[in-house]
Amino acid sequence: MSIARARAGMAALGLAGMLSLSAVMTLSGSRVEPVDGSAAAASAGLATVDQVNPTADVRVAAVDGAGTSCTAQAPCDSATAISKATPGSVVALLPGSYPKQDIAATALPASVEAPVVLRPAGEGLVEIDGVNLKAPGIRLEGLRMTGTVYVHPSAVGTSLRGLHVDGAGVFLRSDDSEVLDSVIENGSGVDGLQIKEGDGILVQGNTIRFFDATVGHLHADCLQLFDVRNVTIRGNSLHDCDNASIIFSPGAGLGIENVLLEGNFVTGCRTVGELCRGGTAIDLRENAQDVTVRNNTFAGGSVRIAQLPGLVNDRNVFGYLSSCSTPMTNSIVDRWNEGLCRVPDAVGSDGNRQGSPEYVDQGAVDFHVSASARESVQISPVQVAARNVRVPAVDFDGELLTAGTAGADEPGGVPAAPDSVESPAVVPPTGAPASDDVVGEGPGADETDSEGAGSSSGQPAAPTGEPAPTTGIALVRTAEPLSGLAVFTAEATGGPVTNARFSVPGRALSLPAQSVDGGLTWTARIDTRLVADGTYPVLAVAVDAAGELVSSPQEMFEVDN
């Protein structure tokens, strides 16, 4: 098993990977025309193109680039920059509208551990008319796509982070790949995200919406899966797709195996019409096994879930059941097909009940529940065996869920911004130590299992009679107000930490940090122009040597552009 596949499998199992997060680049819909490469290089602030990793090999490209220097002073074209890239290289794209990119190979094959990263060079919008990706280990980050993103099976270890795919879809066919913190919207006769024949996939923190069937003869889904294994779908907002928000399809009959759906906000067509006619919330009825659907909010649209081998359907909120025989536990059902039954078979038993949760703003696809409305999503849970996931579960915002909460939001947490292009829903990716152990799930099961209790952290023990040093992390204040490109910095206290990130609770930002000094100092870059002016709470979070989460005190930062 590759490291990347193990990582994706761990993400399907629990919490330990919570901090491997990508920066959110929420892009506007405005078009940027090609600009002169030299002028753009001067204005784009290329000194900051890779502040997080200043030792990276950076190759600069422009729409009208030429030659082979690929520097800020003499940018080359994108094809040349990519062909010269080696594992760990950054291909920095100057602002402009690029043609479709066919990425067949890099100078040396990249990997998840040492990717080739394509991202904007400093300021300005980079727009690309689609990507045809065949090379392994490519990370596309912070780009606007106006054409199809097609990831071939040979592109093992692909990472799509912070993209805005507008008017097209993403077709993912490769193993050990991920789609994170992106907005995919406004397609016609095409699926938003279609995953086929992949193994080890993470889909997290994305907004996928507004896919219709007015062009061509194919139905349109937000997310379609077939012939895949080991997939985690967590913390996404999916809505307003003509056929279904989530659909498990038969494909070539190879089957779908080991899928975790957790912490998603899902609804069908908010307005039924030509652009959105069917609007099924989830269709999970065939050719799948070992699927766990837990702590999701399916606020609207029909729910079609059949009894399948290894199915766990637990602690969800269902706005409408189309079948009275839907198998489920510890869930809340608002309405159902009363033409088929007076009460669904499972309601009133196995921890299930009827109820109408009180959302912050259902019309805006904000399915958070305020602390005052906590009772509307409370259940009295019964124990359920979950064979293919580990506890604890996390909600839409990455907060730990208690065993008595149904749906995708733990009431009382800081709500995320309403679903919009300006602030798509984002949740930190999560994972857990790789393990094939069966872990029970039920009351009290949302605490970390005790399997590793007392295990060595790999650090020398403190001398007898002396307290062990306390490891933590602290924010370093920066000049304020923040504007343009800004760098957040945090310093570890009491020893190095790992997997650090900067989080803006309740907003669409959660930035991965990097360290060049062994885990003592962590930095991350953000383009503050991608968020509205205002004052934001920021904290740093990391993992200490014992594997425990540590965080800094929350501090307020002002953004003023």
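Figured I'd write up the structure that's included with this text.

Parameters and conventions
- Residues numbered from 1 in each chain as written.
- Predicted model: local features only at pLDDT ≥ 70, side-chain atom pairs only at ≥ 80, totals over all residues.
- Heavy atoms only, no water.
- Buried < 20%, exposed > 50% of the residue type's maximum accessible area, 1.4 Å probe, protein only.
- Helix = DSSP H or I, 4+ residues; strand = E, 2+ residues; numbered from the N terminus.
- Pairing = 2+ DSSP bridges.
- Phe/Tyr/Trp six-rings, centres within 6.5 Å; stacked < 30°, edge-to-face > 60°.
- Salt bridge = Lys/Arg side-chain N within 4 Å of Asp/Glu carboxyl O.
- Core = buried A, V, L, I, M, F, W, Y, C linked by side-chain atoms within 4.5 Å.
- Contact = heavy atoms within 4.5 Å.
- Axes fitted to C-alpha atoms, helices over the stretch in contact; angles between N-to-C directions.
- Disulfide = S-S within 2.5 Å.
- Polar contact = N/O pair within 3.5 Å; in protein donor to acceptor, adjacent residues only side chain to side chain.

Here we come to the pairing of strand β26 (residues 288-294). The buried fraction of β26 amounts to six of the seven residues, a majority that puts the element mostly inside the structure. Across six bridges, strand β23 (residues 256-262) lies against β26 in parallel orientation. In the strand pairing of β26, L260 is matched with T292. As paired elements, β26 and strand β29 (residues 312-314) share three bridges and run parallel to each other. Bridge pairing links V293 to N313 in β29.

Further remarks concern the packing of aromatic side chains. Scanning all chains against the criterion turns up seven aromatic pairs. A ring pair is formed by F488 and F557, whose centres lie 5.3 Å apart and whose planes are at 75°; its orientation type is edge-to-face. Taken together, the residues span a long stretch of sequence, with F488 in strand β36 (residues 485-493) and F557 in strand β42 (residues 555-559) at a distance of 69 residues. F557 shares its class with F488; the two are buried.

Side chains bearing opposite charge may pair, as long as their charged atoms lie close to each other. Under the definition given, this model contains 16 salt bridges. Among the ionic pairs, D57 bridges to R59, the shortest N-O distance being 3.1 Å. The buried category is assigned to R59, whose relative accessible area is 17%. Linked through salt bridges whose partners overlap, the residues forming this network are R119, R139 and E141.

Turning next to the nonpolar core. The biggest cluster of nonpolar side chains holds 81 residues, and the ones touching the most others in it are L140, F248, L284 and V291. With residues up to four places along the chain from it excluded, the contact list for L140 reads L118, V131, M145, S159, L160, R161 and L163. In terms of nonpolar packing, the next biggest core, distinct from the first, is built from 23 residues, F488, A492, Y536 and F557 among them.

Now for the sheet that holds β26. What holds strands together in a sheet is hydrogen bonding between their backbones, with the strands either parallel or antiparallel. With parallel pairing, the eleven strands of this open sheet are ordered in space as β1-β2-β5-β8-β11-β14-β17-β20-β23-β26-β29. In this open sheet, the two edge strands, each paired with only one partner strand, are β1 (58-61) and β29. For this sheet, the mean angle separating the axes of adjacent strands, direction not counted, is 10°. Bridge analysis of strand β8 (residues 138-141) against strand β11 (residues 159-161) gives three bridges, and the strand direction is parallel. Each bridged residue has a counterpart across the sheet, and for R139 the counterpart in β11 is S159.

Within the structure shown, the criterion is met by four disulfides. Between the sulfur atoms of C70 and its disulfide partner C76 the distance amounts to 2.0 Å. Disulfide C70-C76: torsion about the S-S bond near 110°, hence right-handed. The disulfide partner of C222 is C241, and the gap between their sulfur atoms is 1.9 Å. Negative torsions about the S-S bond denote left-handed disulfides, and the value of about 95° found for C222 with C241 makes this one right-handed. Residue C222 is located in strand β19 (residues 221-226), and its partner C241 is located in strand β21 (residues 237-241); the two are separated by 19 residues in the primary sequence. For C222, a relative accessible area of 0% corresponds to the buried category.

Another aspect to go through is the environment of Y98. Within the secondary structure, Y98 is located in strand β3 (residues 96-98). Judged by its relative accessible area of 5%, Y98 falls in the buried class. Excluding anything up to four places from it in sequence, Y98 contacts A61, A62, V63, S78, L93, V126, E127, I128 and D129. Within the structure, the side chain of Y98 is placed 2.7 Å from the backbone oxygen of L94, a separation counted as a polar contact.

With that settled, the discussion passes to the side chain of R139. Within the secondary structure layout, R139 lies in strand β8. In this structure R139 touches P115, V116, V117, L118, S159 and R161, once residues within four positions along its chain are discounted.

On to the environment of S302. Along the polypeptide, S302 turns up in the loop between β27 (297-298) and β28 (303-305). Along the primary structure S302 and N337 are separated by 35 residues, whereas in three dimensions their C-alpha atoms are 9.5 Å apart. Among residues more than four places away in sequence, those in contact with S302 are G279, T280, A281, I282, Y320 and S322.

Turning to the environment of D191, a few remarks are in order. Summarising the element assignment, D191 is placed in the loop between β15 (183-188) and β16 (193-196). As for D191 and D221, which are separated by 30 residues in sequence, their C-alpha atoms are 4.8 Å apart. What D191 contacts, discounting residues up to four positions off in sequence, is G169, V170, F211, H219, A220, D221 and Q224.

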